[in-house]
Amino acid sequence: MEALAVRMPVEHTRPPATSHQSAPMLDALDAYLDAGTISFSTPGHKSGRLIDDELRRLLGDPLFRADVWLNTSRHDTALRAAERLAADAWGAGEAFFTVNGSSSGNQAVLLALLGPGDKVIVARDAHMSVLSGLILTGAEPVFVSPTLHPEQLMSTGVTPASIETALAQHPDAKLVVLTSPTYHGVASDLPAIVAAAHARQVPVMVDEAWGAHFPFHQSLPIHAMAAGADVAVVSLHKTLPTISQGAMIVTQGNRIDRGRFKSSVRMTQTTSRCLPILASIDSARRQVALHGWGLLELTLALAALTRRRLQETPGIVLIDETSLGIPASRFDPTRLVIDTGSLGLNGYQVESILREEFGIAPELSDGRGIVCVVTVGDTRASLDALVDALTAIATRPSQRSALRPRVAARSVGDAIAQGELSMLPRDAFFARSRSVPLPTAIGCIAAEPIIPYPPGIPVLVPGERICWNKLLYLAQIAASGAICAGAADPRLLTIRVVDETVGS
Ligand SMILES: Cc1ncc(COP(=O)(O)O)c(C=O)c1O
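Chains are numbered independently. Their residues run from 1 in the order of the written sequence. Reporting in this predicted model follows two pLDDT cut-offs: at least 70 for local features of residues, and 80 or more for side-chain atom pairs to be given and counted; totals over whole chains, interfaces and linings ignore these cut-offs and use all residues. No hydrogens and no water enter the side-chain calculation; it runs on all heavy atoms of the structure.

A.B. asks: Hey, could you run me through the overall build of the protein chain in this one?
C.D. replies: When helices and strands are counted, the protein chain shows 17 helices and 15 strands. It is over C-alpha atoms that the radius of gyration is taken, and the globule rule equals 2.2 Å times the number of residues to the power 0.38. A compact globule built from 504 residues would reach a C-alpha radius of gyration of about 23 Å, and the protein chain, at 23 Å, matches this within 12%. Its C-alpha atoms give the protein chain principal-axis dimensions of about 65 × 60 × 50 Å. Think of it in three bands: with a 1.4 Å probe and only protein chains considered, a residue is buried below 20% of the maximum accessible area for its type, exposed above 50%, and partly exposed in between. Burial statistics for the protein chain: of 504 residues in total, 53% are counted as buried. Contacts are assigned to residue pairs that have any heavy atoms within 4.5 Å of one another. Residue pairs at least 24 apart in sequence account for 73% of intrachain contacts in the protein chain once pairs closer than 6 positions are excluded. Computed with a 1.4 Å probe, the accessible areas rest on the Shrake-Rupley method; for each residue, only the protein chains presented here act as cover. Total accessible area on the protein chain stands at roughly 20,900 Å², and carbon and sulfur atoms take up 55% of it. For the charge count, each Lys or Arg is scored as positive and each Asp or Glu as negative, with His and the chain ends excluded. Lysine's charge is taken at NZ, arginine's at CZ, aspartate's at CG and glutamate's at CD. Side-chain charges of the protein chain comprise 43 positive and 48 negative groups, with the mean position of each set lying 3 Å from the other. Numbering of helices and strands starts at the N terminus; helices are DSSP runs of H or I of at least 4 residues and strands are runs of E of at least 2.

A.B. asks: What exactly am I supposed to notice about the packing of aromatic side chains here?
C.D. replies: For any pair of aromatic rings, the description rests on two quantities: the centre-to-centre distance and the angle between the ring planes. Note on ring pairs: Phe, Tyr and Trp rings are taken, using the six-membered ring of Trp, and paired if centres are within 6.5 Å. Classes follow the plane angle, with under 30 degrees stacked, over 60 edge-to-face and the rest tilted. All told, the structure shown has four aromatic pairs when counted by the stated rule. Arranged with centres 4.9 Å apart and planes meeting at 85 degrees, the rings of Trp90 and Phe216 form a pair that is edge-to-face. With Trp90 in the loop between α4 (72-89) and β1 (94-98) and Phe216 in the loop between β5 (204-207) and β6 (231-234), this pair connects stretches of sequence that are 126 residues apart. The two residues Trp90 and Phe216 agree in class, both being buried. Charge over a ring is defined by NZ of Lys or CZ of Arg lying within 6 Å of the ring centre and within 35 degrees of the ring normal. Its end group placed over the ring of Phe143, Arg124 keeps NZ or CZ at 4.7 Å from the ring centre.

A.B. asks: Teacher, can you tell me more about helix α13 (residues 347-358) here?
C.D. replies: Owing to its 3.6 residues per turn, the α-helix aligns residues three or four sequence positions apart on the same side. For α13, built from twelve residues, the straight-helix expectation of 16 Å at 1.5 Å per residue is met to within 8% by its first-to-last C-alpha distance of 15 Å. All of the buried residues in α13 are Gly347, Val350, Glu351, Ile353 and Leu354. The buried residues of α13 occupy one face: seen down the axis, they fall within an arc of 165 degrees. Between the side-chain oxygen at the start of α13 and the backbone nitrogen of Tyr348 there is a gap of 3.1 Å, and the oxygen is on Asn346. Count one or two residues on from α13 and you reach Gly359, which has phi positive near 65 degrees. Working rule for helices: expected span equals 1.5 Å times residues minus one. Picture the helix axis, draw a direction to every C-beta atom, and the arc is the one those directions span. Pairs of N or O atoms are called polar contacts if they sit within 3.5 Å, as long as, within protein, a hydrogen donor faces a hydrogen acceptor (for residues adjacent in sequence, only side-chain-to-side-chain pairs).

So, in structure tokens, the structure goes:
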């Protein structure tokens, strides 16, 4: 078995300015529990007393004891202290914890920075929460398509030149919104894009949901704050040891209106924030600020070893910076993107074999393959199990089935390009709509987003008129049995369109 070479941690990529030993949210929770407080407040389970036995067995007593509401001033003081420490660890000016993932973070940022009719330059590979932010604000998007790899049909990020062109064509744009890294671990050239936007005094927001670990190791792509972005939204729960939904907004500089920012964050969050989630964000900050470099050094070594072993397995094709033709500095090597086409199996089939026969769950599967996320929580044993399972699948000729032909890159490129925006996303979303069979939707205005995987980039956003290119591509997608995110009918037999007969 190949030995794992781990260098000893020698330095933090950016030594934190503050001591990160403390965790204020954990301290406040500890003090509350120590005091033996009898609560007549929410939550109704009263420290777990009313909890069903089976649930208690599955989740454990401590979780329910920790699900409490501190006195408001203690909660706010602890939260502010925890957010200050997180801002320091991320090299930001301010941080705001969110308990509904980056989804609510994206909505909060758009609500803070955009108003009805404001133009916003948006990289087309935007998450659904960015699209819902456009609906909330009534802003007018100008979409910039990411470059697509011609064979892998994966986004290789938006180029600085395409953002510069959009800024030159729309000098009244109020904000640039990027997704970096993508689901598949590809980062855009953030420093160059930020420089182009700042040259025109336009702030940049980065949906960095998948890059919470980036600040803590120099072998990972540069993170948004280090690249000079004004705002970034990070899902700690995706790549760091945080309970699901734990995420954060980080900001810096003076291009954003702080007052409106703070109210937008409050308005998009529950008023009953789950203390275990907040405490887990705080504790993950402490872990990565103190030990992030070493933990990631080990994770990167494990990921590299896994990559090498998989590359030696016939039939397993790994997508990485070399196959995508991008610099290594723009690829997150902890992301294992595996093309399963050479096995004669699509990603859905491989996922179901992995789950049912090997008890292994990839992060994502699609028509092309699977994506596995390697994080600081992985071990040599977990990754060996993955390699062994994939090797077993690869050497099983009986599992092979005919794959449907792939769609040409040209048609995907045409399908994800911005179509004619006949209505603002907000107006289309709130307009009277009807469901029509997909083949009859030509010329109609989409009332819902349609986001097929791969490449996970919207083909339609609400307000776009459905042209032949988009319709033909969606028909191919529907025929392949793919599931479309965002659609009321994910199998795309029907599609929700604006009812233009109303009032005519
Ligand atoms: C690019 C991107 N942004 C935002 C999100 C939403 O993150 P969360 O699950 O933390 O709400 C996701 C979720 O996968 C994502 O891929």
